[in-house]
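# Per-entry structural report
Letter by letter, the chains look like this.
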Amino acid sequence: MSEEEFILFARPDVMRRVQAWQDNLSMERRLSNNTLEAYQRDLRQFLQFLTKHLGGVPGLDDIANLRASDMRAFLANRRQSGVGTRTLGRSLAGIRSFLKFLERQGLANIAGINAMRAPRQPKSLPRPLTDTQAIAVTKSSEQLNSEPWVAARNAAVMALLYGCGLRISEALSLQPGNLDGNPTALRIMGKGGKTRLVPLLPVALEAIQTYQNLCPWHLEAKKPLFRGVRGGALQPAVLQRDMRNLRSALGLADTATPHALRHSFATHLLAAGGDLRSIQELLGHASLSTTQVYTGVDKKRLLETYRNAHPRA
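Let me begin by describing the structure that accompanies this report. Treat the numbers as computed from the prediction; the structure is a model and nothing was measured. (Residues numbered from 1 in each chain as written. Predicted model: local features only at pLDDT ≥ 70, side-chain atom pairs only at ≥ 80, totals over all residues. Heavy atoms only, no water.)

Before going further, it helps to spend a moment on the overall build of the protein chain. Helix and strand counts for the protein chain come out as 16 helices and two strands. Across the 313 residues in the protein chain, those meeting the buried criterion constitute 42%. Put simply, of all contacts in the protein chain between residues at least 6 apart along the chain, 62% involve residues at least 24 apart. Here the protein chain displays about 17300 Å² of accessible surface, and carbon together with sulfur accounts for 49% of that area. (Helix = DSSP H or I, 4+ residues; strand = E, 2+ residues; numbered from the N terminus. Buried < 20%, exposed > 50% of the residue type's maximum accessible area, 1.4 Å probe, protein only. Contact = heavy atoms within 4.5 Å. Areas by Shrake-Rupley, 256 points an atom, 1.4 Å probe, with all protein chains shown as cover.)

Here you go:
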């Protein structure tokens, strides 16, 4: 964002710091252009608000003496303008970034503003595939890649995401040694270094073995199981790209991502009578509250349970 767009709302001493902050974000922290533009826009809006709030164009001393009440007034003003909670949270993050930059240089004390809680973000419900859609995605015959081994590879990964509820990173971190002896369960290292045991469905094991038999690369026991076309470890971006192509061919919604298969795993288990505690363990969630979001997805089953169980239903 150009200096001309800031100059009406900040004095030269602030402008010099804004420029230094922008250089830090782009060259040292290497933020994306979209993030940079969003942060710059948020800061401009904040300085514009301060000009009215303080009764004059703010200088560095004004910025240094900001209180949490000033920030709350800004957020309230933005909310009154119809800005959503997610945008407010991002605005607070962008402005805090600038203020922290000043604080590191000894030009501000933002302890009060740092102590503020970000606006509570609304929890969006997972968007699972139907069971028919999920099964189609895990079939080798539905994959679009002309290389049979690549089609088998993608089908095997998808089978793990849907059949075992794995995260993409968990599936791609598997090694051939994890499958020695045709196991009926996999020991998965999840977030925070926590280990869990998940059942390995025969159909998923079969999909993996089909891939192993077709793969042209030597799969060493302690090396990545899933390989890219050049023999290196398969990257999540490749799987996500192939999924975009596949959902277009199958007429699936844009929400049909590899991670949506994990959502489908949990939702379909819940619909079939699985209890939340068991699903929590299978997904590797640290808190039951994280798993409870799936109860909002399967409202039909919950209503049926209520009708069948309540004596007055």
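After that view of the structure, there is still more to cover.
Moving on to the pattern of salt bridges. Counting across every chain of the model gives five salt bridges. A salt bridge links Arg 241 to Asp 242, with the nearest nitrogen and oxygen atoms 3.0 Å apart. Taking the relative accessible area as the measure of exposure, Arg 241 reaches 39% and is therefore partly exposed. Given a relative accessible area of 13%, Asp 242 falls into the buried group. Through salt bridges with shared partners, a single ionic network connects Arg 153, Arg 241 and Asp 242. (Salt bridge = Lys/Arg side-chain N within 4 Å of Asp/Glu carboxyl O.)

Right, let's get into the side chain of Gln 280. If you trace the backbone, Gln 280 turns up in helix 14 (residues 276-283). Of the residues examined, Gln 280 reaches a relative accessible area of 5% and is grouped as buried. In this view, Gln 280 contacts His 285, Ala 286, Ser 287, Leu 288 and Thr 291; residues no more than four positions away in its chain are not counted.

Residue placement: Asp 42 occurs in helix 3 (residues 33-53). Apart from the residues lying within four places of it in its own chain, the contact partners of Asp 42 are Phe 74, Arg 90, Ser 91 and Ile 95.

Counted as a void, the largest pocket has a volume near 450 Å³. Along its surface, the largest pocket is lined by 23 residues, and Ala 159, Tyr 162, Gly 163, Leu 201 and Val 203 are the ones closest to its centre. Put simply, the parts of the chain that give the lining of the largest pocket at least two residues each are helix 9 (148-164), strand 2 (195-199), helix 11 (202-214) and helix 13 (258-271). Here the lining of the largest pocket takes six residues from helix 9, the largest share from any one element. Of the residues belonging to the lining of the largest pocket, the class tally is 16 nonpolar, six polar and one charged. (1 Å grid on protein atoms, 1.4 Å probe; cavity = no way out; pocket = protein on both sides within 12 Å on 5 of 7 lines; lining within 4 Å. Points joined across faces, edges and corners; volume = space filled by probe spheres on them. Nonpolar A, V, L, I, M, F, W, Y, C, P; charged D, E, K, R; others polar.)

Each α-helix turn comprises 3.6 residues. Residues three or four places apart therefore point the same way. In this model helix 6 (residues 85-104) runs 28 Å from its N-terminal to its C-terminal C-alpha over 20 residues, within 8% of the 28 Å that 1.5 Å per residue would give. Within the span of helix 6, buried status applies to Leu 88, Gly 89, Ser 91, Leu 92, Gly 94, Ile 95, Arg 96, Ser 97, Phe 98, Leu 99, Phe 101 and Leu 102. For helix 6, the secondary structure elements touched by its buried residues are helix 2 (12-28), helix 3, helix 4 (60-64), helix 5 (68-80) and helix 7 (111-114). At the C-terminal side of helix 6, Gly 106 shows a positive phi close to 75°. (Expected span 1.5 Å × (residues − 1).)

The subject of this paragraph is the packing of helix 5 against helix 6. Two elements in contact, helix 5 and helix 6, have axes whose closest approach is 11 Å; the angle formed by their N-to-C orientations is 145°. Helix-helix and strand crossings are classified by hand; for helix 5 and helix 6 the assignment is right-handed. For the pair formed by helix 5 and helix 6, the contact residues are Met 71, Phe 74, Leu 75, Arg 78 and Arg 79 on the first element and Thr 85, Leu 88, Leu 92, Ile 95 and Leu 99 on the second. The class makeup of the residues in the contact of helix 5 with helix 6 is seven nonpolar, one polar and two charged. (Axes fitted to C-alpha atoms, helices over the stretch in contact; angles between N-to-C directions. Left-handed = near helix turned anticlockwise from the far one by under 90°.)

For the structure on display, the rule yields five aromatic pairs. Between the aromatic rings of Trp 21 and Phe 98, the centroid separation amounts to 5.4 Å while the plane-to-plane angle is 70°, which identifies the pairing as edge-to-face. Separated by 77 residues along the polypeptide, Trp 21 in helix 2 and Phe 98 in helix 6 bring together distant segments of the chain. Assessed through its relative accessible area of 0%, Trp 21 is described here as buried. Since its relative accessible area comes to 1%, Phe 98 is described here as buried. A network of ring pairs unites the aromatic residues Phe 46, Phe 49 and Phe 74 as a single cluster. (Phe/Tyr/Trp six-rings, centres within 6.5 Å; stacked < 30°, edge-to-face > 60°.)

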